[in-house]
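Chain residues, written in single-letter form:
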Amino acid sequence: MEKLRIGIAMSTRWTDPPMMLMGIIPYAGTAIGISAYHAVQLYKFAAASNFSTSIFQGDELNKSAVLLAGMLGPYVLTRFLWDVVYHGLGTEKGVDTSKFLTFKKESLARYYKHRRIPMCELYEMYIDGHFDWNESCEGGDCYKILQYHRHEFANYKVTWRQIWWLISQFLPWWMTGSGLGRGSSSGKSVKETHKEIDEHYNKGNDVFSSMLGRAMVYTCGVFHQVPSFASDSYQGDYAKSAADGTLEEAQFNKLNMICDKLMLQKGETLLDIGCGWGTLCRHAVKHYGAKATGVTLSVEGKKYCDYASKETGIPTEIHCCDYREIPGGQKFDKIASIEMAEHVGIANFVDPFLVSVRKMLAKKDSKFLLQVNIAPLPHVRNRRQGVWSPPRA
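Residues numbered from 1 in each chain as written. Predicted model: local features only at pLDDT ≥ 70, side-chain atom pairs only at ≥ 80, totals over all residues. Heavy atoms only, no water.

**Some points on the confidence of the model for the protein chain**
Looking at the protein chain as a whole, the pLDDT averages 87, with 90% of positions reaching at least 70. Long-range and interchain partners of residues 377-393, a stretch whose pLDDT sits below 50, account for 17 contacts in this model, where long-range means more than four residues apart. (pLDDT = per-residue confidence, 0-100. Contact = heavy atoms within 4.5 Å.)

Laid out in structure tokens, this is it:
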């Protein structure tokens, strides 16, 4: 039910991917049920005649045809609705993706030249190295092309890749596999979570430092004014844009906000569950005088935490373990968990996650701050401008 509510909140029209994916569940169940029913009836009908060819002769042919149509009809109808009505078999008038993309695979270039690419497939193809951005459009600037032209070559239609993901949410891990991007996101065992974190966060600290900058914070920032991007204000000079300190300032603002919301005081103990590269822990020690402990499942992340603490002279204690494996008996005045709830899973969210947090709070007035990325409810969305707005007090 939680996922259904989130899906509804994320959608503005019934054709949006969340609504389409949720609609597939009852449709697929109905179609499979109809096919299965007629298949059983056809089997019984054939068995009654000792599986002879007589069921395809005379009056019995009509009954066989009806049962066969009932068995295959849902599949044929589904393929028609999916391939012809929804995605369309032909090309789209006025669409020429080659203006924006340079394909490296001839088969993709032919297929998508005059039809928009579902966004889910677009980013997978880019990550796989199957195309690059056409330099004749916005100088090949990825940000500008997507910002100003994405609707000319991409759409947001659901693909089989997303349907398989939806199906995998209802299957056991031994059928789907587990780890980064595989298996159900609702329930995560310690073993599955270890595998998921290892596949992503242990790629190397140099990879993340090139993306996150000096702040080394993998969560949202707080901008007090609209930042200047390379494409807008630096004539495409990404190095100059990255060095202007805007990102670091935004992360500093966010870390201050976390500590202020926790009412963190000098000498208090702080636990950061899912501490990443330890930036919040070091910030709390340096600027608020706290005693900070962090928990991360990333081996590489812990290495960076320990190295950064040594280099800056800011003492922190970092455990490399799952939140379910935090050494018992420890109590903390304040606890924070910033954007790591997706690694907990809905099934584990209350127990053991929140239950564990409650047991680690030192006092009745101790505070826990949880920050998660969610889709706001429809009444807090500014549809006209396409931006998210907080509810008025």
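**Brief notes about the packing of aromatic side chains**
Considering all chains together, one arrives at 19 aromatic pairs under this definition. Through successive ring pairs, a cluster of aromatic residues spans F100, F103, Y126, F131, W133 and F153. Directly above the ring of Y111 sits R115, whose terminal nitrogen or CZ lies 4.2 Å from the centroid. Sitting above the plane of the Y86 ring, K157 keeps its charged end 5.4 Å from the centroid. (Phe/Tyr/Trp six-rings, centres within 6.5 Å; stacked < 30°, edge-to-face > 60°. Lys NZ or Arg CZ within 6 Å of the ring centre and 35° of its normal.)

**Digging into the nonpolar core**
In terms of nonpolar packing, the biggest core is built from 16 residues, with L101, F103, I117, L122, F131 and F153 touching the most fellow members. Apart from residues lying up to four places away in sequence, F131 is in contact with L101, T102, F103, K104, L122, M125 and Y126. V295, F332, M340 and F353 belong to the second largest nonpolar core, which has 14 residues in total. (Core = buried A, V, L, I, M, F, W, Y, C linked by side-chain atoms within 4.5 Å. Buried < 20%, exposed > 50% of the residue type's maximum accessible area, 1.4 Å probe, protein only.)

**Overview of the packing of helix 13 (residues 246-261) against helix 14 (residues 279-288)**
Axis separation between helix 13 and helix 14 bottoms out at 10 Å; the angle between their running directions is 70°. Between helix 13 and helix 14, the angle is such that the two are roughly perpendicular. Contacts between helix 13 and helix 14 involve F252, L255, N256, I258, C259 and D260 from the former and T279, L280, H283, A284, H287 and Y288 from the latter. Here the contact of helix 13 with helix 14 is built from residues that sort into 7 nonpolar, 4 polar and 1 charged. (Axes fitted to C-alpha atoms, helices over the stretch in contact; angles between N-to-C directions. Helix = DSSP H or I, 4+ residues; strand = E, 2+ residues; numbered from the N terminus. Parallel < 35°, antiparallel > 145°, perpendicular 65-115°, else oblique. Nonpolar A, V, L, I, M, F, W, Y, C, P; charged D, E, K, R; others polar.)

**Considerations on the pairing of strand 9 (residues 367-371)**
Each regular strand carries side chains that alternate between the two faces of the sheet. Examined bridge by bridge, strand 8 (residues 334-338) and strand 9 share 5 bridges and lie parallel to one another. Paired with S337 across the strands is L370, a residue of strand 9. A crossover connection joins strand 8 to the parallel strand 9 through helix 16 (residues 346-360); in handedness this β-α-β unit is right-handed. (Pairing = 2+ DSSP bridges. Right-handed = clockwise from strand over helix to strand, strands pointing away.)

**Things to note about a nonpolar patch on the surface**
A surface patch of nonpolar side chains, about 630 Å² in accessible area, is lined by Y27, L77, F80, L81, V84, V85 and L89. When residues of the nonpolar patch are assigned to their parent elements, the largest contribution, 5 residues, is made by helix 3 (residues 60-86). Of note, V85 is situated in helix 3. Of the residues examined, V85 reaches a relative accessible area of 54% and is grouped as exposed. (Patch = residues over 30% accessible without salt bridge, like charges linked within 9 Å, V, L, I, M, F, W, Y side chains within 5 Å. Areas by Shrake-Rupley, 256 points an atom, 1.4 Å probe, with all protein chains shown as cover. Salt bridge = Lys/Arg side-chain N within 4 Å of Asp/Glu carboxyl O.)

**Concerning the pairing of strand 6 (residues 291-296)**
Within strand 6, 5 of the 6 residues are buried, which leaves the element mostly enclosed by the surrounding structure. Two strands pair when backbone bridges link them, and strand 5 (residues 269-273) and strand 6 are joined in this way by 5 bridges, in the parallel orientation. Of the residues in strand 6, the one forming a bridge with L271 is T293. Each parallel crossover has a hand, and for strand 5 linked through helix 14 to strand 6 it is right-handed. The pairing of strand 6 with strand 7 (residues 317-320) spans 4 bridges and is classified as parallel. Within the sheet, the bridge partner assigned to T293 lies in strand 7 and is E317. In this fold, strand 6 hands off to helix 15 (residues 299-312), which returns the chain to strand 7; that crossover is right-handed.

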